[in-house]
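Examination of the molecular architecture
Here are the chains, one letter per residue:
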Amino acid sequence: MKGIFKQVLSPLEQLLDGMTAAGDWFSRETHRFTITGLSRSGKSMLFTSLMTILKYRSEEQYQCLPLLKRLPVELVDAMWLEPLDDFPMFPIEQHMASLENGEWPAPTEDVYGFKMVVRLRQTSQLKKHLFPHTHVVFEFIDYPGEWITDLPMLGKFYTQWSDSSLAQQLTEPQRFYAQQWHKTLEAFDFDVPPDSQAVFTLVSAYREYLLKAKAAGIAMLQPGSFLLDGSGFEWREHGFTPLPTKISSDIDHPWTKHFTEQFQHFQTSWLQPLRDSTFRESDKQIILIDLFEGLNHSRQHLGQLKETLSHLADVFVYGESSWFTKTLLRKKEIGKVAFVATKSDLIPDGFKPELLSLLKDVSAGATAKLSRDGVAFEHFLVSAIKATDEGRHDAALRYTNANKVYTEVNFEPVPASIRSMAEDEHYPALQVPVPNDYLPRMLKGRGLDKLFQFLLG
Ligand SMILES: Nc1nc2c(ncn2[C@@H]2O[C@H](COP(=O)(O)OP(=O)(O)OP(=O)(O)O)[C@@H](O)[C@H]2O)c(=O)[nH]1
Ligand SMILES: [Mg+2]
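Counting restarts for each chain: residues are numbered from 1 in the order of the written sequence. Chain letters start at A and ligand numbers start at 1, both assigned in the order the entries are written. Since the coordinates come from a predicted model, pLDDT governs what is reported: local features require at least 70, and pairs of side-chain atoms require 80 or more to be given and counted, while whole-chain, interface and lining totals use all residues. Side-chain metrics in this entry use all non-hydrogen atoms of the structure; hydrogen atoms and water are not considered.

**Let's talk about the overall build of the protein**
- From N to C terminus, the protein includes 18 helices and 10 strands.
- Summary of the burial criterion: residues with accessible area below 20% of their type's maximum are buried, those above 50% are exposed, and those between are partly exposed, where the area comes from a 1.4 Å probe applied to protein chains only. Here the protein, with 457 residues, has 54% of them falling under the buried criterion.
- A separation threshold of at least 6 residues defines the contact pool for the protein, and within that pool the share at least 24 residues apart is 77%.
- Under the convention used here, a 1.4 Å probe and the Shrake-Rupley method define accessible areas, while residue burial counts only the protein chains that appear. Working note: accessible area of the protein is about 20800 Å², and carbon and sulfur atoms make up 54% of it. Secondary structure is summarised from DSSP: a helix means a run of H or I of at least four residues, a strand means a run of E of at least two, and numbering begins at the N terminus for each. Whether two residues are in contact is decided by their heavy atoms, any of which lying within 4.5 Å being enough.

Structure follows, in structure tokens:
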């Protein structure tokens, strides 16, 4: 049957369903969404808003998403959160407490999950027909953005990664931030054996580069997993770095051998399990993109963001066809992908068409790959919270700044493509503190109805 919600059932459930088994467990329908994005792209804030909006929607009958037709509030009997497998629960209370204290949610340093269960009212035959399930389950996983850039490393040999990573660091804008690291690499004596002290020296110097590049808005950070201390991969013990090609091309060189082993250890003991548990196959992929960081820095920053997203397209959705893709999705469309520019409240409405066009440009490398593989995609803008207000004219916004002064700012038009941004230009990003009235402003988030429709459609 062609339901309003797409059916993605495990074979067991499908079987049981066919037997019209009764009881809650049997009539659950699970949708797995991957909302993913590079570091600081707005994942945690978006989850926090989605949960808050849905909570208000169900508990207070608050119609904050007028365009949302898929899940009419009258049909929703109750909505609650449940843990997802063994993942620690998404710290919604902690994030809300931060907002209450005037702080944005802290950067995510570990993986969290939650399930949102929606119990539907089964009042009339018609509704039963439209919603054959009494429960619809949505699964969400939040994780540090630093982890995602590492996934393309799964398909590489150490020397391939080493060479391409050095080549990337020699192009702008990375080259500028890599100067110190490159000096260290050039001066390094590779005749000393790769003992733990020597390895630590080199890995620390490389990590310094990654930290510096991250602070400067670079998205292409490999391994991003080395950036977080205390959670995730043990870079001190198992770290590695790229090596100069004269070393990496000698497969018998002690350093090449050592880093090849470390790299393989990284792949098998960290990346593969991470991918299997956190970046699982899903019905729908949402890729969050913060364009403001790139706009704030330079055209070249936007260029490397585009390149990073293009690399990521290889590992998503259709990466390597799994059991799931092969057996279940072959008959249907392969999942769908949305490229979503976040924090759209940071520019006036009048410039949103340009922002959307820039989003399409920045994701063009990725969408070319999706088109080639017959994967459907779309683009839209969201803001998890509407932290700004309209200004007195079209090119202006008003907001309460860090000094608690309600001010108006004027904007230049946003470039509609990377090419149309001048080499020496940049667009300072608005730094908006958490507004005091954050709750109504979260309920006024923009584009979230579109997002729900994408998820449910
Ligand atoms: N104005 C505005 N700012 C936002 C919005 N969403 C996120 N931000 C800002 O972007 C920052 C990063 O958002 P997060 O949700 O923490 O990003 P993340 O993707 O979870 O980041 P990691 O956990 O580091 O991977 C926040 O601290 C806010 O400053 C939004 O809708 N509007
Ligand atoms: Mg986060």
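**Some details on the packing of helix H7 (residues 179-187) against helix H8 (residues 196-215)**
- Axis definition: a line fitted to C-alpha atoms, limited for helices to the stretch in contact. Angles are taken between N-to-C directions and run from 0 to 180 degrees. The interhelical angle for the contact between H7 and H8, taken along N-to-C directions, is 165 degrees, at an axis separation of 8 Å. The angle between the axes of H7 and H8 places the two elements in the roughly antiparallel class. In the packing of H7 onto H8, the handedness of the crossing is left-handed. Contacts from Gln180, Trp181, Thr184 and Leu185 of H7 reach H8 at Leu202, Ala205, Tyr206, Tyr209 and Lys212. Any angle that falls under 35 degrees is termed roughly parallel, while one over 145 is termed roughly antiparallel, one within 65 to 115 roughly perpendicular, and all others oblique. Two helices crossing with the near one rotated counterclockwise from the far one by less than a right angle form a left-handed crossing, whereas a clockwise rotation gives a right-handed crossing.

**What to know about the site of ligand 1**
- Of all residues adjacent to ligand 1, which total 19 residues, the nearest are Lys43, Met45, Thr108, Gly145 and Ala384.
- Polar contacts, as counted here, are pairs of nitrogen or oxygen atoms within 3.5 Å of one another; within protein the pair requires one atom able to donate a hydrogen and one able to accept it, and residues that are adjacent in sequence qualify only if both atoms are side-chain atoms. Within the backbone of Arg40, an N or O atom sits 3.0 Å from an oxygen atom of ligand 1.
- Between ligand 1 and Ala384, the relevant distance is 2.8 Å, taken from an oxygen atom to a main-chain nitrogen or oxygen of the residue.
- Throughout this entry, Asp, Glu, Lys and Arg are counted as charged residues, while Ala, Val, Leu, Ile, Met, Phe, Trp, Tyr, Cys and Pro are counted as nonpolar. The remaining residues, Gly among them, count as polar. Of the residues belonging to the shell around ligand 1, the class tally is eight nonpolar, seven polar and four charged. We define proximity as follows: a residue is near a molecule or strand when any one of its heavy atoms falls within 4 Å of that partner.

**Here we look at a negative patch on the surface**
- On the surface, a cluster of negative charge is contributed by Glu412, Glu423, Asp424 and Glu425.
- Of note, Glu412 is situated in the loop between strand S10 (406-410) and helix H17 (438-443).
- Glu412 gets classed as exposed once you look at its relative accessible area, which sits at 59%. Residues enter a patch when their relative accessible area is above 30% and they make no salt bridge; the linking distance is 9 Å between like charges and 5 Å between nonpolar side chains (Val, Leu, Ile, Met, Phe, Trp, Tyr). Every case where a carboxyl oxygen of Asp or Glu lies within 4 Å of a side-chain nitrogen of Lys or Arg is listed as a salt bridge. Here the positive residues are Lys and Arg and the negative ones are Asp and Glu; neither His nor the chain ends is included. Taken as the charge centre is NZ of Lys, CZ of Arg, CG of Asp or CD of Glu, depending on the residue.

**Description of the coordination of the magnesium ion (ligand 2)**
- Only Ser44 (OG) and Thr108 (OG1) from the protein coordinate the magnesium ion (ligand 2), and they sit 2.0 to 2.1 Å from it. Taken together, the positions of Ser44 in helix H2 (residues 43-59) and Thr108 in the loop between helix H3 (92-100) and strand S3 (112-120) put the pair 64 residues apart, joining distant regions of the chain. Ligating atoms shown are N, O and S within 2.8 Å of the metal, or 3.2 Å for Na, K and Ca, and water is not included, meaning a site may look less than complete.

**Topic: the environment of Asp85**
- With respect to the secondary-structure elements, Asp85 resides in the loop between strand S2 (76-82) and H3.
- Residue Asp85 is classed as partly exposed on the basis of its relative accessible area, which comes to 49%.
- For the pair Asp85 and Gly113, spaced 28 residues apart in sequence, the C-alpha to C-alpha distance is 8.0 Å.

**A closer look at unusual backbone geometry**
- Cis geometry is found at the peptide bond from Glu172 to Pro173, where omega equals 5 degrees.
- With respect to the helices, strands and loops of the structure, Pro173 is situated in the loop between helix H5 (158-169) and helix H6 (174-177).
- With omega at -10 degrees, the peptide bond leading from Gln222 into Pro223 counts as cis.
- The residue Asp85 is not glycine, and still its phi comes out positive at about 45 degrees.
- At Lys404, a position not held by glycine, the phi torsion is positive, near 65 degrees.
- By the element assignment, Lys404 lies in the loop between strand S9 (396-400) and S10.
- Taking the relative accessible area as the measure of exposure, Lys404 reaches 65% and is therefore exposed.

**Points about the nonpolar core**
- Nonpolar core, defined: a set of buried Ala, Val, Leu, Ile, Met, Phe, Trp, Tyr and Cys residues in which side-chain atoms within 4.5 Å join the residues together. Trp255 and Leu291 are the most contacted members of the largest nonpolar core, which totals 86 residues.
- A per-element tally of this core places H8 first, with nine residues.
- When sequence neighbours within four positions are dropped, the list of residues in contact with Trp255 reads Phe188, Phe190, Val192, Pro193, Pro194, Ala198, Val199, Leu202, Leu243 and Ile247.

**Considering the pattern of salt bridges**
- In total, this model carries 15 salt bridges according to the counting rule given.
- For Arg236, the salt bridge is made with Asp229, and the minimal N-O distance between the two is 3.1 Å.
- One salt bridge connects Asp290 with Lys343, and the closest N-O pair in it is separated by 3.3 Å. Of this pair, Asp290 sits in the loop between strand S5 (284-289) and helix H12 (291-297) while Lys343 sits in the loop between strand S6 (336-341) and helix H15 (352-362), placing them 53 residues apart in sequence.
- Several salt bridges converge on common partners, so that one network encompasses Asp349, Lys352, Lys386, Glu390 and Arg446.

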